[in-house]
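Structural overview
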Amino acid sequence: MKLRSLRAQLSLWHAGLLAVTLVSLAGLTYVMLRQMLHSRADAALEDYAETTAKTIAATLYQSTVGQRQLPKFLSNDLQSWGRYIQVIDSRGNVREVSDALRSHPLPVSTTALVRGMKGLSTFETVTNLGEHPVRIVTVPVQMGSKVPYLVQAGASLEGVDATLQRASAILLVLTPSVLLVGLLGGWLLVGRALKPVDEMTRAALEIESSSLDRRIVPPRTDDEIGRLAAAFNEMIARLDRSFRQIQQFTADASHELKTPLTTMRGEAEVALMSDLTPEEYRKVLRSIIEEVERMSAIVENLLLLARADANAVQLKREAVALHDIVMTVYEQMEAIARRKGVSLELEEIDEATVEGDPLWLQQIVTNLLNNAIKYTPEGGKVSVTLKGEVKGEGRRRQAGENDDFPLLPLTSSHFPFVVLSVSDTGVGIPPEHLPHIFDRFYRVDAGRSRDAGGSGLGLNIVKWAVEAHGGTIAVESEVGKGTTFTVRLPQVPGPAEDAEDAKAQRRDVEVV
């Protein structure tokens, strides 16, 4: 048995607690039994002595006044009771004894004599009258206010000692026996209780990265072991999802990097095997440069996401006029949209101030507009809206909106949210793709292919940046009608609002 095992430790703790309990119970039983036997013996002895004292008092009252003498009434019958009796006067002289005490009268202590003359009873135990101790009680013979005699009654404690000895022997046998049975039972019960833990341990040791689909089956689900197994299964499920995401991410990243490398190698091999004109060579080099730039963008985005996952990206925290950023990005993207034949319009732009990093906020708007323009066919329309939510107004989840993005209730009257919406009239996104639209390297086949030049990381970066600013992003789409991305960011008071608040406070002070 390993003393460091949980089973051994629990068994030892159980044994120690059981031993203390049994010893305490045995000791308490012995003390209570001893007290009860002595109390019953004292009560019977005192009753016997008081009966004798009353008989003497009654006899003295019936005698002639002035000739009151102690009668000869003590008989040998009293010895059959196992008791002894004697009568003493106020000076401690023995006046009458039973036959068993004629050669060895009961001792008279000063304490018993003094207390008896005061009308009090006294119990004493003497050990020099025989093999067993003798219990003695001294009671007064009351004659009005006087005490002419004292009655002493004694009884051997042989029966009490014998009973206590038998009880001690029984307790000495029962206590170790019960302790031994308890130890064996505790060992078996602890082993049975921990058996599921051993099975769970063996099952957990057998689970590897290649078999994360396995689960631990608990014997019961409504106890602590069942909850422990459920926690293990949940942890394994999270690990399984993480491993699958890592495998998928690795495969997607390898594929994304392999595609431009294959393209560059193919174009270079064709150029080497062919006799091309300088213009054709320049065309091949330009194509290779484009692939290098595309691969560099993928690598930069991957490094950025890796730093974001490690919380290594530091964002500035300053008041930023979001409407100015939207206007700046609009001016940059308007020419691109016009060359593609897409109409880029500003429908409603309210002044809004948020706290965050201006470069990342600009990146959010740029990625959303670039994504909308890229996947909107010629003749389509992309519209941008920026407006603040009414203070205290809530928002319901729209049909097709991703459930992974929480809805933050607007309970603060001082910090409402600002809503940025980017809508397009493209082909739309099928409903089954909406929950995965923000995953890394995820693409929708219809209208969102690799031929458009995207790497599948832009929306994931936007999602991270929005959440890093304390906001949420959601998408609504309908096939054949278009897609709308909605970003909600916490709004902070701008300079104008601060000035209005200061004026209001001054007005309040003046009124007061």
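Residues numbered from 1 in each chain as written. Predicted model: local features only at pLDDT ≥ 70, side-chain atom pairs only at ≥ 80, totals over all residues. Heavy atoms only, no water.

The next subject is helix H7 (residues 358-374). Under the 1.5 Å per step criterion, the end-to-end length of H7 is 24 Å for 17 residues, consistent within 8% with the ideal 24 Å. The set of residues buried in H7 consists of Trp-360, Leu-361, Ile-364, Val-365, Asn-367, Leu-368, Leu-369, Asn-371, Ala-372 and Ile-373. The backbone nitrogen of Leu-359 lies 3.0 Å from a side-chain oxygen of the residue at the head of H7, namely Asp-357. (Helix = DSSP H or I, 4+ residues; strand = E, 2+ residues; numbered from the N terminus. Expected span 1.5 Å × (residues − 1). Buried < 20%, exposed > 50% of the residue type's maximum accessible area, 1.4 Å probe, protein only. Polar contact = N/O pair within 3.5 Å; in protein donor to acceptor, adjacent residues only side chain to side chain.)

Spatially, S2-S1-S5-S4-S3 is the arrangement adopted by the five strands of the open sheet, whose pairing is antiparallel. Among the strands making up the open sheet, the edge pair consists of strand S2 (94-97) and strand S3 (122-126). Strand-to-strand, the axes of this sheet are offset by a mean angle of 25°, without reference to chain direction. Where strand S4 (residues 134-143) meets strand S5 (residues 146-156), nine bridges bridge the pair, whose relative direction is antiparallel. Each residue of the ladder has a partner; that of Val-137, found in S5, is Ala-153. Against the sheet, helix H1 (residues 6-62) contacts strand S1 (83-89), S3, S4 and S5, and its axis sits at roughly 30° relative to S4. Across the face of the sheet, helix H2 (residues 110-117) comes into contact with S1, S3, S4 and S5 while running at roughly 135° to S5. (Pairing = 2+ DSSP bridges. Axes fitted to C-alpha atoms, helices over the stretch in contact; angles between N-to-C directions. Contact = heavy atoms within 4.5 Å.)

This model, assessed by the stated rule, comprises 11 salt bridges. Across the pair Glu-269 and Arg-265 runs a salt bridge whose closest N-O atoms are separated by 2.9 Å. You can see Glu-269 and its partner Arg-265 sitting in helix H4 (residues 224-273), four residues apart, about one turn around the helix. We note a salt bridge from Arg-338 to Glu-334, for which the minimum N-O separation is 2.3 Å. A residue pair is termed a helical-turn pair when its members lie 3 or 4 positions apart in one helix, as Arg-338 and Glu-334 do in helix H6 (residues 322-340) at four residues. Arg-338 sits in the exposed class, given a relative accessible area of 52%. (Salt bridge = Lys/Arg side-chain N within 4 Å of Asp/Glu carboxyl O.)

A few words on the side chain of Ser-477. Here Ser-477 lies in strand S11 (residues 472-478). Relative accessible area serves as the criterion here: at 18%, Ser-477 is assigned to the buried category. Side-chain polar atoms of Ser-477 contact the backbone nitrogen of Ile-429, separated by 2.6 Å. Within the local environment of Ser-477, its side chain forms a polar contact with the backbone oxygen of Gly-482, the two atoms lying 3.2 Å apart. Discounting chain neighbours no more than four positions away, the residues touching Ser-477 are Gly-428, Ile-429, Leu-434, Gly-482 and Thr-483.

Confidence in the prediction of the protein chain, expressed as mean pLDDT, is 79, and 82% of residues score 70 or more. Here residues 75-81 is modelled with pLDDT under 50, and outside its nearest four sequence neighbours on either side it reaches seven contacts, counting other chains as well. Below a pLDDT of 50 lies the segment residues 502-512, which in the model reaches zero contacts outside its immediate sequence neighbourhood of four places, other chains included. (pLDDT = per-residue confidence, 0-100.)

By convention here, two paired aromatic rings are described through the distance between centres and the angle between planes. All chains considered together, the criterion is met by two aromatic pairs. Relative to Trp-464, the ring of Trp-360 lies with its centre 5.0 Å away and its plane at 70°, an arrangement referred to as edge-to-face. On the criterion of sequence distance, the pair formed by Trp-360 in helix H7 and Trp-464 in helix H8 (residues 458-468) is long-range, its members being 104 residues apart. Between Phe-438 and Phe-485, the aromatic rings sit 6.2 Å apart at their centres with planes inclined by 85°, giving edge-to-face as the arrangement. (Phe/Tyr/Trp six-rings, centres within 6.5 Å; stacked < 30°, edge-to-face > 60°.)

Turning our attention to H2. Of all the residues in H2, the buried ones are Ala-112, Leu-113 and Gly-116. Down the axis of H2, the sector holding all buried residues measures 100°, keeping them to one side. Next to the buried residues of H2 lie S1, S3, S4 and S5. Positioned one or two residues after H2, Gly-119 has a phi angle of 85°, which is positive. (Arc of directions from axis to C-beta.)

This part is about the environment of Leu-322. Within the secondary structure, Leu-322 is located in helix H6. For Leu-322, a relative accessible area of 2% corresponds to the buried category. For the pair Leu-322 and Glu-355, spaced 33 residues apart in sequence, the C-alpha to C-alpha distance is 9.3 Å. Setting aside chain neighbours within four positions, we find Leu-322 in contact with Ala-352, Val-354, Leu-386, Val-418 and Leu-489.

To continue, consider the packing of H7 against H8. In contact at an axis separation of 10 Å, H7 and H8 are set at 145° when each is read in the N-to-C sense. In the crossing of H7 with H8, the sense of the turn from one axis to the other is left-handed. Taking contact as the criterion, the partners of Trp-360, Ile-364, Asn-367, Leu-368 and Asn-371 in H7 are, on H8, Gly-458, Leu-459, Ile-461, Val-462, Trp-464, Ala-465 and Val-466. For the contact of H7 with H8, a count of residues per class yields nine nonpolar, three polar and no charged. (Left-handed = near helix turned anticlockwise from the far one by under 90°. Nonpolar A, V, L, I, M, F, W, Y, C, P; charged D, E, K, R; others polar.)

Let us look at the sheet that holds strand S7 (residues 343-349). Two orientations exist for strands paired in a sheet by backbone hydrogen bonds: parallel and antiparallel. Here five strands make up an open sheet; going across it, the order is S7-S9-S10-S12-S11 and the pairing mixed. The open sheet terminates on both sides in strands that have one partner only, identified here as S7 and S11. Going across the sheet, the axis of each strand differs from the next one's by a mean of 15°, ignoring polarity. For strand S9 (residues 381-388) and strand S10 (residues 417-424), the ladder comprises seven bridges, and the chain directions are antiparallel. Looking at the pairing, Val-384 lines up with Val-422 of S10. With respect to the sheet, H7 is in contact with S7, S9, S10, S11 and strand S12 (482-490), its orientation differing from that of S10 by roughly 25°. The sheet strands contacting H8 are S11 and S12, and the helix crosses S11 at an angle near 140°.

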